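Notes for the structure review
The chain contents come next:
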Amino acid sequence: MIQSMTAFGRAQREELGYAVTIEVRTLNGRNLDISVRLTKNFSEFEEIIRKKIAETFRRGRFEIFVQIEPVLIELKTPQINLEIARSYWRQLQDLHEHLPTSDPPTLRDLLSIPYLFETNKDVTDREALKSVLTGALSDALLNIVEMRAKEGESLLKDCLDRLSAVRRELSLVEGRKQQVIFEYQNRIRDRIKELLGDAEVDENRLLQEVAYFAERSDINEEIVRLQSHLNQFEELLTGGEPADGRRLDFLTQELHREVNTIGAKTGDLDAIQSVVRMKGEIGKLREQVQNIE
């Protein structure tokens, strides 16, 4: 089975007076590349996120956006520091006593004093919040896995279709092997007769020439290797374990190399046309492999 490297996952959990929202975008990449954007004051969770992703995935670019927001009123809004407020109020009262002509202090006077309000930035239980975050992360990554698997099904079908097309063309090339030698022998015989007229053809010399041509144009080894690579490729695609995209990419290079060698050895027009078509299918196959984890 195969998994795509492009997907999107989003999850949110709300506990302990905080809402944790995680969005994960994944893109193609040769290696595992992780970028994490965290809400300020929660940077200690970045390593946890990186470790979780590294345990689950092998390669691809991951862009993770994490937002941690308070949902309780006492956490969202600034709070009056009562101790500071009492201290300022006493000072205002004392100041009024020392300035008898002044107006008595009011609540408005007190509330206009800076630093009376403070934002609660402390989380009482960071370990519990970490549990909420890892739970949301697991949910988002589950979405990623499901989307990658779904896209992988489309990739699998396309790859198998292209493997079948390569096999059909390879079968045509293999079927032409003996016919190509036979046609070459007849062309040589006809050419000799054309040059020598009614003179008798030296069959031994003719057979030597045909044998040399057959050896020079022999593509049996390339066909065997190409078939082996095709079988390995299909086994990786359809096996029980997730296929390794890097290994598939290597196999496409090997497929292309063997087909190139076949094209260089054969002079048969039909075989060359099949080679051109095989190279086209392998090129498209390699493009698809770049999307496989």
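The structure contained in this document is the topic of the report that follows.

1. So, the pattern of salt bridges
Summed over the entire model, instances satisfying the criterion amount to 20 salt bridges. The salt bridge involving Arg-61 is made with Glu-63; its shortest N-O contact spans 3.2 Å. A salt bridge links Arg-257 to Glu-258; its shortest N-O distance comes to 3.5 Å. For Glu-258, a relative accessible area of 1% gives the class buried. Through salt bridges with shared partners, a single ionic network connects Glu-222, Arg-225, Glu-254, Arg-257 and Glu-258.

2. Re helix α10 (residues 269-289)
Since the α-helix advances by 3.6 residues per turn, residues separated by three or four positions end up pointing in the same direction. For α10, built from 21 residues, the straight-helix expectation of 30 Å at 1.5 Å per residue is met to within 8% by its first-to-last C-alpha distance of 30 Å. Here α10 has its buried residues at Ala-271, Ser-274, Val-275, Met-278, Glu-281, Ile-282, Leu-285 and Val-289. Burial along α10 is one-sided: seen end-on, the buried residues are contained in an arc of 135 degrees. Away from the buried face of α10 by more than 90 degrees, exposed residues Leu-269, Val-276 and Glu-287 are located. For α10, the secondary structure elements touched by its buried residues are α5 (126-175), α8 (220-238) and α9 (245-265).

3. What to know about the packing of aromatic side chains
Inspection of every chain in the model, using the stated rule, returns 2 aromatic pairs. Taken together, a centroid distance of 6.1 Å and an interplanar angle of 10 degrees make the contact between Phe-42 and Phe-45 stacked. Across the pair, Phe-45 and Phe-42 agree in class, each one buried.

4. So, the sheet that holds strand β4 (residues 60-70)
Ordered in space as β1-β2-β4-β3, the 4 strands form an open sheet in which the pairing is mixed. Taken across any chain shown, the strands that pair with only one partner, and hence form the sheet edges, are β1 (7-15) and β3 (32-37). Averaged over all neighbouring strand pairs, the angle between strand axes comes to 15 degrees, with direction disregarded. Sheet analysis places β1 next to strand β2 (residues 18-27), joined by 9 bridges and oriented antiparallel. Note that in β2 the partner of Phe-8 across the bridge is Arg-25.

5. Some thoughts on the packing of helix α1 (residues 46-56) against α5
Working note: a packed helix pair is described by the angle between its axes plus the distance between those axes. Direction vectors running N to C along α1 and α5 enclose 35 degrees, while the axes themselves pass 11 Å from each other. Crossing of α1 over α5 shows right-handed handedness. Taking contact as the criterion, the partners of Ile-48, Ile-49, Lys-52 and Ile-53 in α1 are, on α5, Lys-130, Leu-133, Thr-134, Leu-137, Ser-138 and Leu-141. When grouped by side-chain class, the residues that make up the contact of α1 with α5 number 6 nonpolar, 2 polar and 2 charged.

6. Concerning the pairing of β3
Remember that side chains alternate between the two faces of the sheet whenever the strand is regular. Of the strand pairs in this sheet, β3 and β4 are connected by 6 bridges, and their pairing is parallel. Bridge pairing in β4 places Ser-35 opposite Glu-63. In this view, the connection linking β3 to its parallel neighbour β4 by way of α1 has left-handed handedness.

7. A short note on the nonpolar core
Ranked by size, the top nonpolar core spans 27 residues in total, and within it Leu-226, Phe-233, Leu-248, Ile-262 and Met-278 carry the most contacts. Counting residues per element, the ones that place at least two in this core are α5, α8, α9 and α10. With 25 residues, the next largest nonpolar core counts Ile-34, Leu-129, Val-132 and Ala-140 among its residues.

8. Overview of the environment of Gly-239
You can see Gly-239 is positioned in the loop between α8 and α9. For Gly-239, a relative accessible area of 26% corresponds to the partly exposed category. In this structure, the C-alpha to C-alpha distance between Gly-239 and Met-1, residues 238 residues apart in sequence, is 5.7 Å.

9. Quick notes on the packing of α5 against α8
For the pair α5 and α8, the least separation of the axes is 11 Å and the interaxial angle reads 165 degrees. Between α5 and α8, the angle is such that the two are roughly antiparallel. With respect to the hand of their crossing, α5 and α8 are arranged in left-handed fashion. From α5, Leu-156, Cys-159, Leu-160, Leu-163, Val-166, Arg-167, Leu-170 and Glu-174 reach across to α8, where they touch Ile-223, Leu-226, Gln-227, Leu-230, Asn-231, Phe-233, Glu-234, Leu-237 and Thr-238. Across the contact of α5 with α8, the residue classes break down as 11 nonpolar, 3 polar and 3 charged.

Rules and cut-offs
- Residues numbered from 1 in each chain as written.
- Predicted model: local features only at pLDDT ≥ 70, side-chain atom pairs only at ≥ 80, totals over all residues.
- Heavy atoms only, no water.
- Salt bridge = Lys/Arg side-chain N within 4 Å of Asp/Glu carboxyl O.
- Buried < 20%, exposed > 50% of the residue type's maximum accessible area, 1.4 Å probe, protein only.
- Helix = DSSP H or I, 4+ residues; strand = E, 2+ residues; numbered from the N terminus.
- Expected span 1.5 Å × (residues − 1).
- Arc of directions from axis to C-beta.
- Contact = heavy atoms within 4.5 Å.
- Phe/Tyr/Trp six-rings, centres within 6.5 Å; stacked < 30°, edge-to-face > 60°.
- Pairing = 2+ DSSP bridges.
- Axes fitted to C-alpha atoms, helices over the stretch in contact; angles between N-to-C directions.
- Left-handed = near helix turned anticlockwise from the far one by under 90°.
- Nonpolar A, V, L, I, M, F, W, Y, C, P; charged D, E, K, R; others polar.
- Right-handed = clockwise from strand over helix to strand, strands pointing away.
- Core = buried A, V, L, I, M, F, W, Y, C linked by side-chain atoms within 4.5 Å.
- Parallel < 35°, antiparallel > 145°, perpendicular 65-115°, else oblique.

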